[in-house]
Structure formats: structure tokens, C-alpha cells
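What follows is the residue order along each chain.
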Amino acid sequence: MAKVLDSKIPAGPVPEKWKEYKAHQRLVNPKNKLKLDVIVVGTGLAGASAAASLGEMGFNVINLCIQDSPRRAHSIAAQGGINAAKCYQNDGDSIYRLFYDTVKGGDYRAREANVYRLAEVSNNIIDQCVAQGVPFAREYGGMLANRSFGGAQVSRTFYAKGQTGQQLLLGAYSSLSCQVKAGKVKLYTRYEMEDVVIVDGRARGIIAKDLCSGKLVRFSANAVVIATGGYGNTYFLSTNAMGCNCSAAVQCYRKGAYFANPSYVQIHPTCIPVHGDKQSKLTLMSESLRNDGRIWVPKKIEDAKALQAGTKQGWEIPEEDRDYYLERRYPAFGNLVPRDVASRAAKERCDKGFGVNNTGLAVFLDFSESINRLGIDVIMQRYGNLFEMYEEITDVFPGDVANEINGVKYYKPMMIYPAIHYTMGGIWVDYELQTTIPGLFAIGECNFSDHGANRLGASALMQGLADGYFVLPYTIQNYLADQAVWPKVSTDLPEFAEAEKAVDAEQDRLLNIKGKRSVDSIHKELGHIMWEYVGMGRTAEGLKTGLKKMHELEKEFDTNLFVPGTKEGLNIELDKAIHLRDFFTMGQLVAFDALSRNESCGGHFREEYQTEEGEAKRDDENYFYVGCWEYKGKGVEPELIKEPLEYEAIKVQTRNYKN
Ligand SMILES: Cc1cc2nc3c(=O)[nH]c(=O)nc-3n(C[C@H](O)[C@H](O)[C@H](O)COP(=O)(O)OP(=O)(O)OC[C@H]3O[C@@H](n4cnc5c(N)ncnc54)[C@H](O)[C@@H]3O)c2cc1C
């Protein structure tokens, strides 16, 4: 019999769903009358906001992170901003429009009801963060300022210079700290979840490792929430922080949680290009730069060749010889097309030989026009720290005048190229953010819920904080209401002992391989396979080759890995080896999903399925579903289970950013 997924979406037209839903909440635990414990794994924006909110509501929260402080979660890297439908610009924005843009941006592969709820709570997030003291940029008159991000024709992105994630996280951290002081949240820094413990079919706790002492620790609770971020680092080179990993999500997947839409990986168009083989990290130049920066390559192939040879510089090419290809191809959205569209367009130009650096894999992002129009001071106010960051890495300052042609000043342009950035896929969750394992919830980037096949800029912070502040604290109560009569299980149960033993044995296995290769060397090779065969352009043949190569490399990992040291005390190499083991599972999952989806949509581009103009060609008749994968064992193909999508409020159509 076909497996059926219950997404628990309440009945009724989309805008009414969330309201009705809230009205029917079975609120439990008013201020600590019941002793219900919740484990929240992760202190990024999703985890910190959830832990703080649950603590404030009276639950006892155990909150873990791998860093030495919650403030160092990857979320601090977010630069550009956070969306909300406040319509401060009076430009026609509305909750419906944010909802519509997000569904369209996701290439009609998101769950409609979830996205509506997200748009509806977006405004509350801004109010909450302002109340916490987040220093959002303001207009001269005191109103909060906005800028535009890709896939929208309104200005709805709130920002704090180029440090929005950091400021939002400081806000969430201050709330979290209040709850720590109040005794409602117990914080464990430098602790890593190593497995989820299932008792009688429900998530009842976790096995964690104290990363400093190497000791394994058991935690039990009435529910477990993972907020552990995305799997972008499967590709080795990405814009994600080096510590980002998908181990917690993969552990849940191995224990029975379905993994949804793994092939939906976002490649961001504005990153500093790869410049050598020794790199371990890529740097994002925020999408906000596309508000004022114009993207171009030369019109003439001989100019491109001269740029590649280093005999010509970008600023020597006059206006009439520049091809602003996004403005040319997508006049309605121009430089602000969504990321998947902008990335593919850059790849198309570079594949045709128009790349502008020595590798031929770069395009220009140029501020000459906006600096001439607005003045350098305004541009520096908006992007000063990003310009400085670019200079620090490349030694080129984009605000420097480089040339004057026919009385027009030309400034030094940035060079950018697409890079792995964000993962839309994640652990499958129902409308209540509960996974297929009862009592296990997933929030933030580690779930699949709201972005379909492509996330719009500034929507990840919105989703993480919506989940953490406004959705999970309501929805988890439906589960916990039934738990009120259950005592918290003891960590002496055999299920805990077994899980701990398995984690311990796995560490021994990795340490005892005693081969010749470092974790990083194998990870780098996995990254090459992922980028080459499971990257921006995928084909059935390439994906099969990629899978074969991944299997071979996994064998190499299992037989020729070298992990120095012991499991006692701090052993970063051992922790990285565990992450790499899980990146292998993840990489194969991405490839299986990409192979099964014979269409192109959003970030998933199958070269066999494109229009004559090179745009993604969806197949709604056969692939209008969420692809959920059930683990079947190491090296075995997982099973695909489909959650059909149903749209009531939005007409499903072909995305159009041209007019
Ligand atoms: C360079 C960059 C810029 C970005 N800019 C923007 C932007 O401007 N706007 C926007 O909306 N989005 C942006 N994003 C995306 C956004 O930052 C992320 O999607 C978001 O911050 C993810 O938040 P999170 O809480 O889900 O996960 P994270 O912030 O990744 O936090 C994960 C947490 O889980 C913990 N953890 C992980 N594994 C374990 C484990 N096994 N055990 C215990 N703890 C664990 C970590 O310690 C951490 O606390 C950007 C992303 C990047 C890479």
C-alpha cells in the first residue's frame, strides 16, 4: 500500500487556515505548572528564538550548540536583510503579495498553506526584533528603511547595514539569556548531538557529545527540536560557515524521519569567484548589492579574451560594449531576478566564453552608474562594510575611480560568480513542523518547509524566526498537550544505552581505520564530484556517474581515512570525520532526488529539461509534489514517498521575470 503523509493542514481557504488554527490551539503549560522538557538543538536564529520562546512560555528547555557561544552560530553570517510585508514604502506590498512572490520564487514547489502563514507572521518578526533593540537601518525621518531583494518588485527587506543576521542573533540571544537567567533554559555550548533516541516510536531524547572532554551525555525530554541548519557544505566549497554540517538531520533521517526535496540546493549568483585549489571557503557578496550594482560581461568576445589574459581591465570597456545581460533578458526584474535565474544566466555567459577573469568563471558587478548618480557617500552608507570586505579579500576597492571615458567616471567593478549557498530541502515536516517521527520537530534551514525549489533573498531569516518565535511555540503544544500525562523517560532505558553504544562504536571505527588520507582531502574530492555532477547543471548520465564516484569515494573513506588522536578530549578531526560520513549520505540523497525529478525547477536544473531560451522547464503533470525520502540502509537506494501539492489561492503557471 502506498505510504500516506498527513501534512495536518487545517481545512478552509488559505488565508483562514492559520487564524483558525491558532483559535483551536490546545494551550498547555501556562507558566510552568507542568514540568515539560524540550530539547532544542541549535542556537542559530531558529534555535535561539525557539528556545527563548519556549522558555518564556514555561517549558524547561535544554539548548545545545557546537560553538562556544550561541552568538557564533552560522546565522551571524547573514548580511543582506529580512523580508516583511509592512509596506512602509507604500509600494503596494501586502501579506498576499509576499506570499505570492515566495510561492512564485520557489517555482511553485512550496506548500501553499505554510507560505501564507510565513507571510502573515513576517510583520510580527520585525516588531519583535525592534522591541529587542535590533538596530535596523532607518530613514532620516525615523521610519525603518527598506531595500529590494531578488524576485520582488517592492521594497520589503529590512536590514542592519550588512550585518542583519548578527544583529538579529544578538536580539534572540538577549531573549535567550533572560531565560537562561530565569532558569528556564539550560544552555550547553560546545555540545554536539550525535543521535536521536527513539522510545516506543517517539523521539524521547538525544545522545550528545561534550566536544571538549569527548564524553557522551544522555538527555531525555518530552520533545526534541532540531534547528541545526542546512547541508550546503556537502559541496565542500560553499558560503556556509566551516562548522555547518548536516549530521543531526542525517541522524534523524537514519532513524526514520523523511528527508524532503534534497535536490533543491541554492546557488547564489554573487560570490567571490574560486581563486585556487587551496581554498576551503567561499565568500558571499550580499544580494543587497544587486539593488545598486549592475551585472555585466563584455559584448565582444575579443574583450573577454583580453580580460582573461589580463591585458585589459573592465573599466577600460566603454558603456556601449557592455552586455548587461540580466537587464537585457529580464527587463521587468533586471538585476533583481531570483538567484537561480541570475546564477544560470552567469553560467551561460561564462560557458559561452564571456567570463572576465583568468579562469573565465566570473562576471562583473559594477557600481559606476549608482556612484555617479547617488554619490560615493550614499553608496558607502549602504554597502560600506561589504566594499571593505571585498577589498580585504581581493585588494580591489569597488569605490575607487579607475578611468574616465567621454566624461563618464568608471569605478573598479567587483568580480562575482555563483556558489553553493543555501539548501531548500530538509527534514520533512507537517504543518505543525513535526517530522515523521512523533515528538521530533525541525525548524529553520534544516527543514524543507517554505521555499519550494528556490528561496528568495532575505527569506531564510524570516522563516527561521517565524518558526522559532511564532510557529513552533504554538504547534508543539498540540503534541505536548498529550505528553502532559506522561512522565519524562529515564536516560537509563536500554534505548539510550544502545544509542550511546552505537555512537561510541562508530567513533572507534573511524579512529581505527588508520589509513592515509585526511578528512579534508576526501571532503574536497566529494565536493568536486558534487559540483561537477550534482551542481548547477545536472543530467541523468552525470548524476549516475556522480553517484558511482560517490560510492567509490565512500569506500575510500571507510578504508583509507586517517583520524589522529583519541576519542577522549577535544578531537576536531574526529568530529569532522563524523560530519563527512553524513555528507556522503547527504550527497547521495541529493543525487537520487535530482535523478528522480525529470524536470527543471528553481535550483534544480536538469539540462535535458529546458526551454529554447535556456529557462527551467517544469513538468507539473508528473512532478507537482514534495519528494520525501525514507532511509533504507547504507549504500541502498532510499524509497521515494510523494506528498502531492495542492494550490487553492495561487494559479500555478510558468515563472516569468521578463515582463
Ligand atoms: C553568507 C551568508 C549570508 C546570508 N545572508 C542572508 C540574508 O541576508 N538574509 C536571509 O534571509 N538569509 C541569509 N542567509 C541564510 C541564513 O543565514 C541561514 O539560512 C540561517 O541563518 C539559518 O539559520 P538556522 O538557525 O536554521 O541555522 P544556523 O544558523 O546554521 O544554526 C545552526 C545551529 O545548530 C547548531 N548545530 C549544528 N549541528 C549541531 C549538532 N549536531 N549538535 C548541536 N548543535 C548543532 C550550531 O551550533 C548552530 O547553533 C545567508 C547565508 C549565508 C551563508
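Scroll up to find the structure this text is about.
None of these values were measured; they are calculated from a predicted model.

Caption draft 1: How the structure looks around the site of the ligand. The environment of the ligand is made up of 38 residues, and the closest members are Gln67, Ser75, Gly80, Met193 and Glu445. Between the ligand and the protein, one listed contact pairs an oxygen atom with a backbone N or O atom of threonine 43 at 2.8 Å. Contacts to the ligand include glutamine 79, whose backbone N or O atom sits 3.3 Å from a nitrogen atom. Here the ligand, which alone exposes 1000 Å², has 97% of that area covered by the protein. A per-class count over the shell around the ligand returns 18 nonpolar, 17 polar and three charged.

Caption draft 2: Looking closely at the packing of aromatic side chains. According to the stated counting rule, one finds 22 aromatic pairs in the structure shown. By the ring-pair criterion, three or more aromatic residues cluster together here, those being Tyr96, Phe99, Tyr100 and Tyr116.

Caption draft 3: The sheet that holds strand E19 (residues 440–442), seen in detail. Ordered in space as E5-E2-E1-E9-E19, the five strands form an open sheet in which the pairing is parallel. The sheet is open, and its two borders are formed by strand E5 (185–189) and E19, each paired with just one other strand. Averaged over all pairs of adjacent strands, the angle between their axes in this sheet comes to 20°, without regard to strand direction. Taken together, the four bridges between strand E1 (residues 37–41) and strand E9 (residues 223–226) define a ladder with parallel strand orientation. Paired with valine 41 across the two strands is isoleucine 226, which belongs to E9. Where helix H12 (residues 460–483) meets the sheet, its contacts fall on E1, E9 and E19, and the angle it forms with E9 comes to roughly 150°.

Caption draft 4: Layout of the sheet that holds strand E12 (residues 294–298). Within the open sheet, the five strands sit side by side as E11-E17-E14-E12-E13. Their pairing is antiparallel. Looking along the sheet, the strands with just one partner apiece sit at the ends: strand E11 (265–271) and strand E13 (322–323). Of the strands in this sheet, E11, E12, E13, strand E14 (363–366) and strand E17 (414–423) touch helix H9 (residues 339–351), which is tilted by about 65° from E11.

Caption draft 5: Expanded view of unusual backbone geometry. Unlike most non-glycine residues, phenylalanine 236 shows phi in positive territory, near 60°. If you trace the backbone, phenylalanine 236 turns up in the loop between E9 and helix H6 (247–254). If you check the backbone angles, alanine 458 has positive phi at about 70° while not being a glycine. Looking at where alanine 458 falls in the secondary structure, it is placed in the loop between E19 and H12. Residue classification places alanine 458 among the buried residues on the basis of a relative accessible area of 5%.

Caption draft 6: The arrangement of the packing of helix H15 (residues 540–560) against helix H16 (residues 572–596) in detail. Between H15 and H16, the shortest axis-to-axis distance is 9 Å and the interhelical angle comes to 160°. Looking at the two axes, H15 sits roughly antiparallel to H16. Crossing geometry of H15 relative to H16 is assigned as left-handed. Taken together, the residues of H16 that come into contact with H15 (itself represented by Ala540, Leu543, Lys544, Leu547, Met550, His551, Leu553, Glu554 and Phe557) are Ala577, Leu580, Arg581, Phe584, Gly587, Gln588, Ala591, Phe592, Ala594 and Leu595. Here the contact of H15 with H16 is composed, by residue class, of 13 nonpolar, three polar and three charged.

Caption draft 7: Spatial organisation of the nonpolar core. Counting 174 residues, the largest nonpolar core has Leu64, Ile82 and Ile226 as its most contacted members. Here this core takes 12 residues from H16, the largest share from any one element. With sequence-adjacent residues up to four places away left out, leucine 64 is seen in contact with Ile39, Val40, Val41, Gly42, Thr43, Tyr188, Tyr191, Ile206, Ala208 and Phe219. With eight residues, the next largest nonpolar core counts Ile207, Val489, Phe496 and Val503 among its residues.

Caption draft 8: The arrangement of the pattern of salt bridges in detail. A full pass over the atoms with the stated rule returns 50 salt bridges. The salt bridge partner of lysine 300 is aspartate 321, with a shortest N-O separation of 3.4 Å. Here lysine 300 is found in the loop between E12 and helix H7 (301–309), whereas its partner aspartate 321 is found in the loop between H7 and E13, with 21 residues between them in sequence. Exposure remark for aspartate 321: the relative accessible area of 15% places this residue in the buried category.

Caption draft 9: Fine view of helix H13 (residues 494–513). Look at H13: 29 Å from first C-alpha to last across 20 residues, which is about the 28 Å you get at 1.5 Å a residue. Within the span of H13, buried status applies to Phe496, Ala499, Val503, Glu506, Gln507, Leu510, Leu511 and Ile513. In this structure, the buried side of H13 is in contact with strand E6 (191–199), strand E7 (202–210), strand E8 (216–220), H15 and H16. Positive backbone phi, approximately 50°, marks lysine 514, located one or two places after H13.

Caption draft 10: Examining the pairing of E9 more closely. Here E9 shows a buried face lined by Ala223 and Val225 and a second buried face lined by Val224 and Ile226. In this sheet, E19 lies alongside E9 in parallel orientation, the contact comprising three bridges. Counterpart to isoleucine 226 in the pairing with E19 is alanine 442.

Caption draft 11: Just the environment of valine 408, in detail. Residue placement: valine 408 occurs in strand E16 (residues 408–411). C-alpha separation for the pair valine 408 and glutamate 369, spaced 39 residues apart in sequence, amounts to 9.1 Å. Those residues within four positions of valine 408 in sequence are excluded, and the remaining contacts are Asn372 and Asn403.

Caption draft 12: Region of the structure containing the packing of helix H3 (residues 95–105) against helix H4 (residues 112–132). Remark: H3 packs on H4, axes separated minimally by 8 Å, with the N-to-C direction vectors making an angle of 135°. Judged on the interaxial angle alone, H4 and H3 are oblique. By crossing handedness, the relation of H3 to H4 is classed as right-handed. Of H4, the residues touching H3 (which contributes Ile95, Leu98, Phe99, Thr102 and Val103) are Glu112, Val115, Tyr116, Ala119, Glu120, Ser122 and Asn123. Of the residues assigned to the contact of H3 with H4, the class counts are seven nonpolar, three polar and two charged.

Criteria and cut-off values
Residues numbered from 1 in each chain as written. Predicted model: local features only at pLDDT ≥ 70, side-chain atom pairs only at ≥ 80, totals over all residues. Heavy atoms only, no water. Near = heavy atom within 4 Å. Polar contact = N/O pair within 3.5 Å; in protein donor to acceptor, adjacent residues only side chain to side chain. Areas by Shrake-Rupley, 256 points an atom, 1.4 Å probe, with all protein chains shown as cover. Nonpolar A, V, L, I, M, F, W, Y, C, P; charged D, E, K, R; others polar. Phe/Tyr/Trp six-rings, centres within 6.5 Å; stacked < 30°, edge-to-face > 60°. Pairing = 2+ DSSP bridges. Helix = DSSP H or I, 4+ residues; strand = E, 2+ residues; numbered from the N terminus. Axes fitted to C-alpha atoms, helices over the stretch in contact; angles between N-to-C directions. Contact = heavy atoms within 4.5 Å. Buried < 20%, exposed > 50% of the residue type's maximum accessible area, 1.4 Å probe, protein only. Parallel < 35°, antiparallel > 145°, perpendicular 65-115°, else oblique. Left-handed = near helix turned anticlockwise from the far one by under 90°. Core = buried A, V, L, I, M, F, W, Y, C linked by side-chain atoms within 4.5 Å. Salt bridge = Lys/Arg side-chain N within 4 Å of Asp/Glu carboxyl O. Expected span 1.5 Å × (residues − 1).

Just geometry here; none of it tells us what the structure is for.
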